[in-house]
Amino acid sequence: MKLKWILAAWIAGFFVSASAQVARVDSPWVRGTATGQTTAGGFMRLLSRDGAQLIGGLSPVAQTVELHDMKTDRGALVRERVPFILLPAGRWVDLNQCGPHILLIGLKQPLTRGMNVPLTLIFKDRNGVESRISIQAPVFGSAAELNAAMQRGVVVGMADEVVNCSFQPRVG
């Protein structure tokens, strides 16, 4: 009888740990679009307790969700598509306009202030197991508008560089 309870507890613990989220998502937001604009950036903070990779995303408002990062090319800051964004164990990773971020491509509608964009993030944990986290990301029209929302406590936890990032090329 005791063995049955131990086995049941072990199985329950296995399913709880297997279903635990691989990452924590904090303060997601999407930049609003101008008329005719077909892409929009998605930004947030991510934390993985054990380490993981963000490997993709899905959204009903876009044909494609890609991962991008910024790099220097002959002194200019350029955006490039990347296969994943690394989430080191126990460290926050800021997805912002000057670093790694999500790009919603082929927008099916304009994204305007006050909307919430449904976004499903796809992760791969350190064992290669994929999982998904669905979020709602509010749309902000500009960095100044985001800053005002942060002051009101609507969006919390974002690094200053998300709002006021500047590129300083490395010398040497």
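From a predicted model like this one, the values you see are computed outputs, not experimental measurements.

Some points on the packing of aromatic side chains
Next up, step 1: The tally for this structure, following the rule as stated, stands at two aromatic pairs.
Next up, step 2: Aromatic pair Trp-29 and Phe-43: ring centres 4.7 Å apart, planes at 40°, arrangement tilted. Of this pair, Trp-29 sits in strand β1 (residues 24-31) while Phe-43 sits in strand β2 (residues 39-47), placing them 14 residues apart in sequence. Per residue, the accessibility class of Trp-29 equals that of Phe-43, and both read buried.
Next up, step 3: Taken together, a centroid distance of 6.2 Å and an interplanar angle of 70° make the contact between Trp-29 and Phe-140 edge-to-face. Residue Trp-29 is located in strand β1, and its partner Phe-140 is located in strand β10 (residues 130-140); the two are separated by 111 residues in the primary sequence. The residues Trp-29 and Phe-140 share a single accessibility class, namely buried.
Next up, step 4: In this structure, Arg-45 packs its charged tip against the face of Trp-92, placed 4.3 Å from the ring centre.

Describing the pattern of salt bridges
Next up, step 1: Going through the model one piece at a time under the given rule, you end up with five salt bridges.
Next up, step 2: Between Asp-26 and Arg-45 there is a salt bridge whose closest N-O contact spans 4.0 Å. Of this pair, Asp-26 sits in strand β1 while Arg-45 sits in strand β2, placing them 19 residues apart in sequence.
Next up, step 3: Look at Asp-26 and you get buried, because its relative accessible area is 13%.
Next up, step 4: A salt bridge links Lys-71 to Glu-80; the shortest N-O distance between them is 3.7 Å.
Next up, step 5: Judged by its relative accessible area of 36%, Lys-71 falls in the partly exposed class.
Next up, step 6: A relative accessible area of 32% means that Glu-80 is categorised as partly exposed.
Next up, step 7: One network of salt bridges, in which partners are shared, links Asp-26, Arg-45 and Asp-94.

A short note on the environment of Ser-27
Next up, step 1: When you line up the elements, Ser-27 lands in strand β1.
Next up, step 2: Take Ser-27: its relative accessible area is 9%, and that puts it in the buried class.
Next up, step 3: Sequence separation of Ser-27 and Gln-136 is 109 residues, and the distance between their C-alpha atoms is 9.9 Å.

Observations regarding the side chain of Asp-94
Next up, step 1: Assignment of secondary structure puts Asp-94 in strand β7 (residues 93-95).
Next up, step 2: Within the structure, the side chain of Asp-94 is placed 2.8 Å from the side chain of Arg-45, a separation counted as a polar contact.

Regarding the confidence of the model for the chain
Do not read the predicted coordinates in detail wherever pLDDT is low.
Next up, step 1: On average, residues of the chain carry a pLDDT of 79, and 70% of them reach 70 or more.
Next up, step 2: Per-element confidence in the chain is highest for strand β3 (residues 52-58), whose mean pLDDT is 98, and lowest for helix α3 (residues 160-163), whose mean pLDDT is 38.
Next up, step 3: The model gives residues 1-19 a pLDDT under 50, and that stretch makes zero contacts with residues more than four places away or in other chains.
Next up, step 4: Here residues 156-172 is a poorly scored stretch, pLDDT under 50, and it has 29 contacts once near neighbours within four places are set aside; other chains count.

Some words on the pairing of β1
Next up, step 1: Of the pairings in the sheet, the one linking β1 to β2 comprises five bridges and is antiparallel in character. From the neighbouring strand, Val-30 faces β2, where its bridge partner is Gly-42.
Next up, step 2: For β1 and β10, the ladder comprises two bridges, and the chain directions are parallel. Note on β10: the bridge partner recorded for Arg-31 is Phe-140.

Procedures and definitions
Residues numbered from 1 in each chain as written. Predicted model: local features only at pLDDT ≥ 70, side-chain atom pairs only at ≥ 80, totals over all residues. Heavy atoms only, no water. Phe/Tyr/Trp six-rings, centres within 6.5 Å; stacked < 30°, edge-to-face > 60°. Helix = DSSP H or I, 4+ residues; strand = E, 2+ residues; numbered from the N terminus. Buried < 20%, exposed > 50% of the residue type's maximum accessible area, 1.4 Å probe, protein only. Lys NZ or Arg CZ within 6 Å of the ring centre and 35° of its normal. Salt bridge = Lys/Arg side-chain N within 4 Å of Asp/Glu carboxyl O. Polar contact = N/O pair within 3.5 Å; in protein donor to acceptor, adjacent residues only side chain to side chain. pLDDT = per-residue confidence, 0-100. Contact = heavy atoms within 4.5 Å. Pairing = 2+ DSSP bridges.

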